[in-house]
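This is what each chain is made of:
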Amino acid sequence: MQYSYYPGCSLEATGVEYNLSTRAVAGALGLELVELPGWTCCGSSSAHAVNKDLALGLAAHNIALAQEQGRDLVVPCSACYTRLCKADHEMRHDPAEKARAERLAGFSYTGKIQIYSFLEIVKDRVGCDEVARAVRKPLTGLKVACYYGCLLVRPPEVRPFDRAEDPTSLDELAAALGAEPVPWCYKTTCCGAGLSLTRPEVVEQLVARLLAAAREAGADALVTACPLCQNNLEMRRPAQEGIPVFYFTELMGLAFGLEEAPGWLKKHLVDPFPLLQRFSLAG
Amino acid sequence: MATATLHLPAGEITVDAAFREEVARLSGQPLELCFQCQKCASGCYPTQEGDYTPNEIMRLIQYGARDAVLRSRTIWLCTSCETCGLRCPNGIRIAEVMDTLKQMAAARGIAPVGETGPLFHNLFLCEIRAVGRVHETMLMLKYKLKTGNLFADMKLGWQLFRRGKLPLVPRLKKDPAVRRIFERAGGQG
C-alpha cells in the first residue's frame, strides 16, 4: 500500500529517530511511504496562537500538495497530525471555512484524500495480528507506560480514531510486540508541548509528575507517538530521573529485529541500552 | 459602547460589553453557556502557574473584562491540549477561545511583563515565511539570542547537537507558495 508521507519539521531535527524508525518499520510491514514533494510547515505550534488565517492556510497548503499526489497522507508527528486534521475537518464540514482555505492556499479542495497518523495505519490498516507475526524478538517482560499525549486523539470530533479519555491503541500495539503495558492515569495529560522553550520551569513540573506516575505504575519505560512529548520527557526530566522514553516505532523496530534499531536509540538523551540489556534486547 | 468598573479580588476591572461578542464571534464558541463547573480548571495542569484558571477566564470574558483577559499570563500558558474542551459539559472548546485571545493580544502587541510567548511565535512564523519550514536549530538560537538567555540550555543544546539532532546547515530555499499564504493572511505574520 502506498501513502504520501509528511514528516514535519521536528522529524528533521529533534525527532530524527522517529523519522528513521517510522520509515524502517513501514518498510518491514510492506507499507510504501512516499515523502510528500515540497511539503512545508503545518504551522504548529505557533500559527494558531497568533493568526487564524495562517493556521488554516499553512495546513491547507499541504493538503493541497497531498491532493495533487492522489494518495492518503500519513503523519507521524501528533502536532502536525492534529493541525492537518483540523484544517481538513473544517474544509470538509464548513463551506465558509473551505472557501477561506481555498483563497488562502490557492487551490480547490476535493476532500478525496484522508489523513492518518502512522499509529492509526499500523493499528487499523495493518492490525495487531499482522504486527505480532512480524515479531522476531518479543519484548517479553518489558513494562511500558503508554503515553499518548494530548493531540493524538483530541479533539474527538476531528479524529475519532481512539478513545479520547482512555485510549488503548498504543497499549494493544505494545502487547502485540510482547511488552506489558501498565495501567496508569496520565495517558493523555499534557507534557507542556511548545512551552519547553518559553516556560521550561512549567514543563519541568509537568514532566516530573508524568515520570513519577509512570514509575509508580511499575513501568520500565514510556512509549510515545509524538516528538514534542518524547523530547520534553527527556530534556525536562528531573536530574535524578533516568527512565527511557521510546517512540512506538522504535519498539516495533526492536521487536522486528531490525538491524538499524540501535542507531536510533543512540540518539536518545536517556541511554536506553542498560534497560534493553537487562531484557536481552540489545547487545 | 457600554463600559463600567467591577471591583474584584484581582482589583478594579473595566468592563466592555462588546468584548464578549467579539470573542464569541472570532472563536465561534458559545461562551454564554459556561456555568462555572470548573471541570476545565481541574484538568488543566499548564495554567496552574497562571493568574486565572480557565473557568475564571471564561467568567471574565462574560463580564467583558477585556484588559484583564488580554493581559493575563494564563492565555500564554495554554498549550491547546484540548483537555478542557473535551470535558466541558456545555461543549465550549476552550482551547479555541484561548487561541482567539492570544490572537487578539498579539494583534494589539499586548503581553504581560516578561512573557516571551509572542516573541517565540513571531520567530517561529518568520522561519516559516523565510524558508517554508521551521529549522529548529535556528529557531532555538534566535530565541536564545533575542531573550539574552543564551546559556540556560547550553548543555542540553550540546547533547542534542552531539547526537545529530540539531543540524547546523540551514535550509535556504524560499517557498513562493508559502510567501503567498502570508501575503493573503490578514493581521500579524
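Throughout, residues of each chain are indexed from 1 in the direction in which the sequence is written. Just so you know, chain letters begin at A and ligand numbers begin at 1, following the order they were written in. Reporting in this predicted model follows two pLDDT cut-offs: at least 70 for local features of residues, and 80 or more for side-chain atom pairs to be given and counted; totals over whole chains, interfaces and linings ignore these cut-offs and use all residues. Each side-chain value is derived from all of the structure's non-hydrogen atoms; neither hydrogens nor water enter the calculation.

Draft legend 1. Seen up close, the overall build of chain B. Each helix is a run of H or I in the DSSP string that is no shorter than four residues. Each strand is a run of E no shorter than two, and both are numbered from the N terminus. Within chain B, the secondary structure is distributed over eleven helices and two strands. Helices and strands in chain B line up, N terminus first, as β-β-α-α-α-α-α-α-α-α-α-α-α. If one aligns the C-alpha atoms of chain B with their principal axes, the spans along those axes are about 55 × 40 × 30 Å. Each residue is assigned to one of three classes by its accessible area relative to the maximum for its type, calculated with a 1.4 Å probe on protein chains only: buried under 20%, partly exposed between the two thresholds, exposed over 50%. Across the 189 residues that make up chain B, the buried fraction comes to 49%. Considering only intrachain contacts with a sequence separation of at least 6, the fraction spanning at least 24 residues in chain B is 65%. Side-chain charges in chain B split into 26 positive and 18 negative, and the spacing between the mean points of these groups amounts to 10 Å. Contact between two residues is taken to exist if any of their heavy atoms lie within 4.5 Å; hydrogens are not considered. Only four residue types enter the tally: Lys and Arg on the positive side, Asp and Glu on the negative side, with His and both chain ends excluded. For charged residues, the charge sits on one atom: NZ in Lys, CZ in Arg, CG in Asp, CD in Glu.

Draft legend 2. The interface of chain B and chain A, seen in detail. On the side of chain A, 62 residues touch chain B, which itself brings 55 residues to the contact. What gets called buried area is simply the loss in accessible area from a 1.4 Å probe that two parts show on being joined, summed for both. Both faces combined, the contact of chain B with chain A buries some 5,100 Å², and carbon together with sulfur accounts for 59% of it. Sorting the residues of chain B by area buried against chain A places Tyr45, Arg133 and Lys165 of chain B first, and these three jointly supply 14% of that buried surface. Think of a salt bridge as a Lys or Arg side-chain nitrogen and an Asp or Glu carboxyl oxygen that are within 4 Å of each other. There are seven salt bridges connecting chain B and chain A. Of the charged contacts in the structure, one is a salt bridge between Glu96 of chain B and Lys86 of chain A, with a shortest N-O distance of 2.9 Å. Polar contacts here mean pairs of N or O atoms no more than 3.5 Å apart (in protein, one a potential hydrogen donor and the other a potential acceptor; neighbouring residues in sequence count only if both atoms are side-chain atoms). Our count for the contact surface shared by chain B and chain A stands at 24 residue pairs in polar contact (both at pLDDT 80 or more). At the level of elements, α5 (74-77), α6 (83-87), α7 (94-108), α8 (117-131), α9 (136-147), α10 (154-162) and α11 (176-184) of chain B are the ones that each hand at least two residues to the side of chain B that touches chain A. With six residues, the single largest contributor to the side of chain B that touches chain A is α8 of chain B. Asp, Glu, Lys and Arg are counted as charged, while Ala, Val, Leu, Ile, Met, Phe, Trp, Tyr, Cys and Pro are counted as nonpolar; the rest, among them Gly, fall into the polar class. Along the lines of polarity and charge, the residues of the side of chain B that touches chain A split into 24 nonpolar, 15 polar and 16 charged.

Draft legend 3. Looking closely at the sheet that holds strand β4 (residues 115-117) of chain A. All names here are of chain A. One open sheet accounts for four strands, arranged β2-β1-β3-β4; its pairing is parallel. Either end of the sheet is taken by a strand with one partner, and the two such strands are β2 (32-35) and β4. When strand polarity is set aside, the average angle formed by the axes of neighbouring strands in this sheet is 40°. Between any two strands, pairing holds if DSSP finds at least two bridges. Pairing geometry for strand β1 (residues 2-5) and β2, over four bridges, is parallel. For Tyr3, the partnering residue across the bridge sits in β2 and is Leu33. Each axis is a line fitted through C-alpha atoms, and for a helix only the stretch in contact is used; angles between axes span 0 to 180 degrees, taken between their N-to-C directions.

Draft legend 4. Quick look at the side chain of Lys187 of chain A. Residues and elements named next belong to chain A. You can see Lys187 is positioned in the loop between β6 (180-181) and α9 (195-198). Looking at Lys187, the relative accessible area reads 7%, which means it is buried. For Lys187, the side chain forms a polar contact with the side chain of Asp171, separated by 3.5 Å.

Draft legend 5. Representation of the sheet that holds strand β7 (residues 221-224) of chain A in the model. All names here are of chain A. Spatially, the four strands line up as an open sheet ordered β6-β5-β7-β8, and their pairing is parallel. Each edge of the open sheet is held by one strand with a lone partner, namely β6 and β8 (245-247). Examined bridge by bridge, strand β5 (residues 143-146) and β7 share three bridges and lie parallel to one another. Across the sheet, Cys146 pairs through a bridge with Val223, a residue of β7. Packing of helix α12 (residues 248-255) onto the sheet brings it into contact with β5, β7 and β8, and relative to β8 it is tilted by some 80°.

Draft legend 6. Seen up close, the packing of aromatic side chains. A pair of aromatic rings is counted whenever rings of Phe, Tyr or Trp (Trp by its six-membered ring) have centres within 6.5 Å, and the orientation is called stacked for planes under 30 degrees apart, edge-to-face for over 60 and tilted otherwise. The tally for this structure, following the rule as stated, stands at nine aromatic pairs over all chains. An angle of 65° between the planes, with centres 5.3 Å apart, marks the rings of Tyr6 of chain A and Trp39 of chain A as edge-to-face. Of this pair, Tyr6 of chain A sits in the loop between β1 and α1 (16-28) while Trp39 of chain A sits in the loop between β2 and α2 (47-50), and the two are 33 residues apart along the sequence. Note on Tyr6 of chain A: relative accessible area 0%, which makes it buried. One aromatic cluster is present, built from ring pairs that chain together Tyr18, Phe118, Tyr247 and Phe248 of chain A. Sitting over a ring, as applied to charges here, requires NZ of Lys or CZ of Arg to be within 6 Å of the ring centre and within 35 degrees of the ring normal. Positioned above the aromatic ring of Trp39 of chain A, the side-chain terminus of Arg133 of chain B is 3.5 Å from the ring centre.

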